[in-house]
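Okay, here's what each chain looks like letter by letter:
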Amino acid sequence: MKKLLMNALSDVYNICLVIVLAVLVTPASAQTTFAGYSEDSFPETYCMALNIYYEARGSSMADQIGVSDVVLNRVRDTRYPDTVCAVVKQGRQDSNGNMVRNACQFSWYCDGKADSPQDEDAWVSAQTLAWRIMKFEEFRGLTEGATHYHAHYVNPRWARDLTLTGSIGVHKFYRWD
């Protein structure tokens, strides 16, 4: 019963946050998205929402937070770009400056598919969580400094060179030592 009540309260909080964002935050001239902000109005938060959506859509909230924490840990690490969008869009480019297919840090960004969210509920959820993480710095530190993660069903070579910080949902998280 307590868990059911907590879930209901969380849902109410998320709905209220979406309404507040839609009414207070978005300039009237901006093209809005489901949760009330656009790529133009809050580009870094929008990039975070896209990464949550494509990397952890359908996963638990904790898993989505873990994925987000890795992005922010990279932003703060001098080995990586210093903005959320630059971290999310990091990858190898060809001689013309185009992204090389399947050669990005986050696979969804250069998989050749459209990067336009189709699942409206999951997109609103991703945008809401991204807003909470980016604007209120909620949930920081869950991955204990992880700068890498992968799904449980893969075994990348780089994993053996890093320290495992833990597993959350369908992902394993790692950091440099």
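Just so it is clear, the model here is predicted, and its values are computed rather than measured.

The helix and strand inventory of the chain stands at 5 helices and 5 strands. N-terminal to C-terminal, the α/β element order of the chain is α-α-α-α-β-β-α-β-β-β. Considering the chain as a whole, with its 177 residues, one finds that 41% of them fall into the buried category. At a minimum sequence separation of 6, the contacts of the chain that also span at least 24 residues come to 55%. On the chain, roughly 10,200 Å² of surface is accessible, and the fraction owed to carbon and sulfur atoms is 52%.

Further remarks concern the state of the cysteines. Here the structure, examined in full by the defined rule, presents 2 disulfides. Disulfide pairing places Cys47 opposite Cys85 at an S-S distance of 2.0 Å. Disulfide Cys47-Cys85: torsion about the S-S bond near 100°, hence right-handed. On the criterion of sequence distance, the pair formed by Cys47 in helix α2 (residues 43-56) and Cys85 in helix α4 (residues 84-88) is long-range, its members being 38 residues apart. Accessibility assignment for this pair places Cys47 and Cys85 in one class, buried. Across the disulfide, Cys104 is cross-linked to Cys110 (sulfur-sulfur distance 2.3 Å). Given the relative accessible area of 13%, Cys104 is considered buried. According to the relative accessible area criterion, Cys110 is buried, its value standing at 6%. Disulfide partners in the chain, listed by the sequence order of the bonded cysteines, are 1-2, 3-4.

This next bit is on the confidence of the model for the chain. With 80% of its residues at a pLDDT of at least 70, the chain reaches an overall mean of 86. Confidence over residues 15-34 falls short of pLDDT 50; this stretch has 33 contacts with residues more than four positions distant or in other chains.

On to the environment of Glu39, then. Within the secondary structure, Glu39 is located in the loop between α1 (2-25) and α2. Judged by its relative accessible area of 40%, Glu39 falls in the partly exposed class. Counting along the chain gives 10 residues from Glu39 to Ala49, while the straight-line C-alpha distance between them is 9.9 Å. Beyond its immediate stretch of four places on either side in the chain, Glu39 contacts Tyr46 and Lys89.

Two elements in contact, α2 and helix α5 (residues 120-136), have axes separated by 8 Å at closest approach and are oriented at 130°. As summarised for this structure, α2 and α5 are arranged oblique, according to the angle between their axes. With respect to the hand of their crossing, α2 and α5 are arranged in right-handed fashion. In contact with Glu44, Thr45, Tyr46, Met48, Ala49, Leu50, Ile52 and Tyr53 of α2, α5 contributes Ala122, Trp123, Ala126, Gln127, Leu129, Ala130, Trp131, Ile133, Met134 and Lys135.

Procedures and definitions
Residues numbered from 1 in each chain as written. Predicted model: local features only at pLDDT ≥ 70, side-chain atom pairs only at ≥ 80, totals over all residues. Heavy atoms only, no water. Helix = DSSP H or I, 4+ residues; strand = E, 2+ residues; numbered from the N terminus. Buried < 20%, exposed > 50% of the residue type's maximum accessible area, 1.4 Å probe, protein only. Contact = heavy atoms within 4.5 Å. Areas by Shrake-Rupley, 256 points an atom, 1.4 Å probe, with all protein chains shown as cover. Disulfide = S-S within 2.5 Å. pLDDT = per-residue confidence, 0-100. Axes fitted to C-alpha atoms, helices over the stretch in contact; angles between N-to-C directions. Parallel < 35°, antiparallel > 145°, perpendicular 65-115°, else oblique. Left-handed = near helix turned anticlockwise from the far one by under 90°.

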